[in-house]
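Take a look at the letters that make up each chain.
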Amino acid sequence: MHTVPGGDEIEATVQAVAGEMLPRCPALAEDAAQLIADRVGEIRRAGVEDIVLATCRANTLVAFDYLARGVPLEMFMPSAEVIERTRMLVQRGLPLAAVIRGYRIGANLLTEQWSDAVYAYGPNDRRSVEVAKAGTSYILSCLDLMTERISEEYRNEDERLARERSLSHLEDVRRVLSGSDTDVDNATYRLGYRLSGRHTAIVLRALTNDADAGVSLDMAVRELGRATRAPGLTVRVDIRTMWCWLPSPADDHLRIPSPSVPVLVAIGNPAGGLDGFRHSHREALDALRVSEMTAPSTATVTHYRDVDIAAMCSIVPERCHEFVSSELGTLASNDRTTRRIRETLMAFYSANSNFRATAANLGIHHNTVRYRLEQAELAIGRPVGERRLALELALHLAHAIGIVDDEIPRTSIR
């Protein structure tokens, strides 16, 4: 038997003392429940005193019944009643930390009562000390096993409720986004998020499509919360996708680092009110589409403000690809030399077609700029000042979305 260390006499005494305590279990449970409610403030705020009392009754009876019958620790299991009460505590909003604190307070009270019962049972000799130690060790070991199982049940129930809330919120969010008549106050209450404020919408998309996708999304959301310190609205759309809205500063954009997990983060511009809630979300979806067109393999953060032109021009990706290929010709090739020429041409346009300013910005000689532009003209078959708007747009798209063609024959540009 692994329950109590020592000889048969000590085991028999432990069982005898525990048997005498069994009739006192209802009163002990009430004392424990009262003490726990007094010391754990969240219990009364959540209004769960009745659940705590019922749990104390079940646990106290099980602990002393097992001791009285000499049940080995490895056979100890929380009762179905205790499991159900744990789920009820989750549903009533009691934090797990408060639950664990309550269990420890109750266990301490039981060990004190056990020691008193051992002292009252017989002479205060070495055997009594061993009996007291054996019972105390058993109760504390039960506490460890109980809190481990209860924590697991708590997390499972909490995750189940979170999924239910997310599904319910998703339906509400879809109604808000659909543009149908929306009672802002009622929707705010249902979602727990103020729709009349200023919002920044974020879309998260896991790069994998397996069981790890959900784990990555959850981690990315936690990192997002730590980075922004702003409680917002998050709904799971599917196994790979989450939609988020965060309260946005009135005079600034949210600064969000790349997640540590393989998740794409797409961010809309801040906007106010119900229309802003919808508009920022549309921008975040567009930013995600642009991000996915680059075939990323690692986590990235894409702001709509950085890809707005590419987003507008790439609604039909095939047409966008055709436009870039048509405008750039062999300048759409993806080798290092051609990329350098494209970058030089973009810098030239940004410097208002000033050779020396372009050279200074790139840190090269102005004659090198002239040479590269000559190579660009050979690649596109016309002067770089002709159809400049179309050419500049094609360059922007090639840079933003990565629409380049590895199979286009390259000229001898350097």
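Keep in mind the model is a prediction, meaning the values are calculated, not measured.

Turning our eyes to something else, we now look at the overall build of the chain. Per the secondary structure count, the chain includes 16 helices and six strands. Relative to its length of 414 residues, the chain is extended, with a C-alpha radius of gyration of 34 Å against a globular reference of 22 Å. Projected onto its principal axes, the C-alpha positions of the chain cover 110 × 50 × 35 Å. Burial status across the chain gives 46% buried among its 414 residues. In the chain, the proportion of contacts linking residues at least 24 apart, taken out of those at least 6 apart, comes to 73%. Total accessible area on the chain is roughly 21,200 Å²; 50% of this is exposed by carbon and sulfur atoms. Placing the 48 positive and 56 negative side-chain charges of the chain at their respective mean positions leaves the two points 7 Å apart.

By volume, the largest pocket amounts to about 800 Å³. Forming the boundary of the largest pocket are 18 residues, of which Glu159, Ala162, Arg163, Asp218 and Met242 lie nearest the centre. Secondary structure elements with two or more residues in the lining of the largest pocket: helix H7 (126-177), helix H9 (211-228) and strand S2 (233-238). Sort the elements by how many residues they give to the lining of the largest pocket and H7 lands first, with eight residues. Tallied by class, residues from the lining of the largest pocket come to seven nonpolar, four polar and seven charged.

Another aspect to go through is the packing of helix H2 (residues 25-39) against helix H6 (residues 96-121). The interhelical angle for the contact between H2 and H6, taken along N-to-C directions, is 135°, at an axis separation of 9 Å. Classified by the angle between their axes, H2 and H6 sit oblique to one another. As H2 runs across H6, the sense of the crossing is right-handed. Of the residues in H6, those touching H2 at Leu28, Asp31, Ala32, Leu35, Ile36 and Arg39 are Gly102, Ile105, Gly106, Leu109 and Gln113. In terms of residue class, the contact of H2 with H6 is made up of six nonpolar, three polar and two charged.

Rules used in this analysis
- Residues numbered from 1 in each chain as written.
- Predicted model: local features only at pLDDT ≥ 70, side-chain atom pairs only at ≥ 80, totals over all residues.
- Heavy atoms only, no water.
- Helix = DSSP H or I, 4+ residues; strand = E, 2+ residues; numbered from the N terminus.
- Rg over C-alpha atoms; globule rule 2.2 N^0.38 Å.
- Buried < 20%, exposed > 50% of the residue type's maximum accessible area, 1.4 Å probe, protein only.
- Contact = heavy atoms within 4.5 Å.
- Areas by Shrake-Rupley, 256 points an atom, 1.4 Å probe, with all protein chains shown as cover.
- Lys, Arg positive; Asp, Glu negative; His and termini not counted.
- Charge placed at Lys NZ, Arg CZ, Asp CG, Glu CD.
- 1 Å grid on protein atoms, 1.4 Å probe; cavity = no way out; pocket = protein on both sides within 12 Å on 5 of 7 lines; lining within 4 Å.
- Points joined across faces, edges and corners; volume = space filled by probe spheres on them.
- Nonpolar A, V, L, I, M, F, W, Y, C, P; charged D, E, K, R; others polar.
- Axes fitted to C-alpha atoms, helices over the stretch in contact; angles between N-to-C directions.
- Parallel < 35°, antiparallel > 145°, perpendicular 65-115°, else oblique.
- Left-handed = near helix turned anticlockwise from the far one by under 90°.

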